[in-house]
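Architecture at a glance
Below are the chains, spelled out letter by letter.
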Amino acid sequence: MLQQRKSQVILAVGCGLTALMIGAAASTLRPSPGDSPRWMGFAQTEQALQNLDLGQDEDSAVLSLVAQSATERAEQLEAIARGEASPDRNRARFLLASDLIEQGQGGAAIDWLNNLEQDYTVLAPQILAKRAQAYTAMGETAKAGETWQALLRTYPESPISAEALYVLGQNDAQYWNQAMEKFPAHPRSVEIAQAQLNENPNQLAPLLLLARHGHYLPNIGSILERLQTEYAAQLQPEDWEAIAFVYWEKAYYGNAGAAYARAPRTSLNLYRTGRGAQLGERRLDAMTAYAQLVQEFPDAEETGLGMLHLARLTSNQEDALRYLDTLIAQFPDQAAEALLARASVLEQMQSPQSAAQARQSILSQHSQSDTAAQIRWQQAEQKSAAGDLRGAWDWARQIVTENSDSELAPEAAFWVGKWALQLGDQQKASAAFEHVLKHYPESYYAWRSATFLGWDVGDFTTVRQKMPEVVRPAQRPTPPAGSEALKELYRLGQDQVAWTLWQVEFENLKKPTVAEQFTDGLMRLGVNNNLDGIFMVSSLAWRSRADEKADYQALRQQPKYWQALYPFPFLEPIEAWSQQRQLNPMLVTALIRQESRFEPGIQSVVGATGLMQVMPETASWIAAQIDLVQYNMADPNDNIKLGTWYLDYTHREYANNSLFAVASYNAGPGSVADWIERFGFNDPDVFVRQIPFPETQGYVEHVFANYWNYLRLYNPAISRQLAQYSQEHAKVASAIAD
């Protein structure tokens, strides 16, 4: 009974992430993740690489100390700060002062800040702010006020002046009004708006400011609700657009669609009106909005998607065919997907021959499309299930040659190797596995290919015992967007200050450039908003315009892009508890990344809590097993302590087979035992494909893909080995070696 209950409980582990990730979506219209091609023209990508260079590591002792604690780096910083004039000396003085202010030692900080703004001009406004904070820490309120006033006089346009306005406004309300008027996006202005509403809730202006600039607030939903219920008659179309945008970002699509219906009439807003209604299960409203989109914006990018949705929503098959035929004629980039939808409609109309012709047209006229790859993979799977391995191999090989940019290509290439092995052709199998490593080094199937090639990366039965070396980058990247001050602050580890500055500088939220979106991801990661930060980085792959694809490819070629995508927060407790449980720390890190994106306070809709998303009932059961009386699931150390015990338990349940252990962590040991009984276990790769829960199947692949990426990015030996195959990965290996 306990096992059955735990099975039901653990079903919730990781469930909340999908919905949360949708809520953190990028601001642009979302294409399919597979729309972004892997390779671009050399000249185009090289130009983009120059534009989006994340910066080479400087010979900077200070920047290499940023990851250390204030105590650990103090002595070295002091030595540099007392040395000869240099950029590093300026950085050392600024960091020392910042650390001392945090420790309440304002007097010592003042000494390091003395006249620093004259030498360190890029951070001159921030230095004045630090000086004011140091005086405050000393209890010198008059001197602090004078310094804030000096900051306002000297740098009135700098966003850091909002800090001065906030502090001075605590005694004189006019300063708060100035802050809201001049720097509405600054987090201090958001705080002021909240304070004004606490004093007098019945005010429209502060609510609108929060709707436009307080998207990160935990109570933003109630703010949007108040605007709609209490002030609807006073809202302008632009206000509705702001409300709709936040709803869309938070994955409340039904609410977003209703708000977009009252926003300015644009193709994107009309599309989201329809899509929001569709996801909110308001079919007729969705069809009306899509029809208006087609009529009013016949040539817009969103219109093709609208037609496709219309064809799928309408109950009239003739209308569906008409929409699809128009889509094929007007939007050739979406023709393959429309042809596949057309084939489905024709089958419903009892026209199997015409449906087959539509599918054949995809293979002949749109052979390199993702849709063609889907058809080929369906054929390969059918041939494999029928025991025709030669036929399966041939269909999969077509994906490798014709659809190398498809999301299915890594899987197809891997199975070309697997089926070649089963057909007795070792040479073709090895070539296929090496192809996966060369062209898809970040994929789950690269890890599986590496195991078949005999690499020391751990297989399902051995990965638990591995204790790989971890080498993290010495320095942070230079954000590709933002002011020089923002870039310097981020590289110095001044994350909260950098994030605050970015809220003012980042004005292009609805359609950010690749550089802006990546920078936004870095800023979010810096303040431990890891869920949204990782999403902002990962969703860059969905860009559809040629220039944006080139920019994305330029980022992919840089190690620091991948390090942002696979960060290492909470490394110390992860390593400590992994060693205690004799678990591979990279496997634990990989599982946490999939479960929660390293969010300590995250909670799923069914109550799974924290980094490792353990349900409260499961936590209680674990605590009883280890005689743990007091614990806090929101505390990272406690959460990892309990989660690693359970991961150790699932390993022990299945003789340290990590495939079963990871699947059990998601679906429960009872489910995995049932699958083993139903399907047997002769081949782990076949077993993964047979998992009947799509969520668990994807979960297993994502966890081990995460493991592989942490291994290739942070383990020097594996990184060097992969660099021999993959030119894309070679730069990563070089960065680790340096």
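Residues numbered from 1 in each chain as written. Predicted model: local features only at pLDDT ≥ 70, side-chain atom pairs only at ≥ 80, totals over all residues. Heavy atoms only, no water.

Some thoughts on the nonpolar core
- Trp 377, Trp 419, Phe 518, Tyr 561, Met 612, Phe 704 and Trp 708 are the most contacted members of the largest nonpolar core, which has 148 residues in total.
- Looking at this core element by element, the count peaks at eleven residues for helix H41 (residues 694–714).
- Of all hydrophobic cores here, the second largest spans 46 residues; its members include Ile 160, Val 190, Ile 192 and Ala 211. (Core = buried A, V, L, I, M, F, W, Y, C linked by side-chain atoms within 4.5 Å. Buried < 20%, exposed > 50% of the residue type's maximum accessible area, 1.4 Å probe, protein only. Helix = DSSP H or I, 4+ residues; strand = E, 2+ residues; numbered from the N terminus.)

Quick look at unusual backbone geometry
- The backbone of Gln 613 shows a phi angle near 50°, a positive value even though the residue is not glycine.
- In this structure, Gln 613 sits in the loop between helix H35 (585–596) and helix H36 (616–625).
- Of note, Asp 627 is a non-glycine position whose phi angle comes to about 55°, a positive value.
- Residue placement: Asp 627 occurs in the loop between H36 and helix H37 (636–653).
- Judged by relative accessible area, Asp 627 falls into the exposed class, the value being 67%.

Quick look at the pattern of salt bridges
- According to the stated counting rule, one finds 39 salt bridges in the structure shown.
- For the salt bridge of Lys 510 with Glu 241, the shortest nitrogen-to-oxygen distance reads 3.4 Å. Taken as a pair, Lys 510 in the loop between helix H29 (495–505) and helix H30 (514–526) and Glu 241 in helix H15 (residues 237–249) lie far apart in primary sequence, 269 residues in all.
- Classification of Lys 510 as partly exposed rests on a relative accessible area of 36%.
- Judged by its relative accessible area of 16%, Glu 241 is buried.
- With a closest N to O distance of 3.1 Å, Asp 648 and Arg 652 form a salt bridge. One end of the pair, Asp 648, and the other, Arg 652, are both in helix H37, four residues apart, so they sit about a helical turn from each other.
- Residue classification places Asp 648 among the buried positions, given a relative accessible area of 11%.
- One salt-bridge network, held together by shared partners, links Lys 418, Arg 448, Asp 459, Asp 683 and Asp 685. (Salt bridge = Lys/Arg side-chain N within 4 Å of Asp/Glu carboxyl O.)

Remember, this is a structural readout, not a statement about activity or role.
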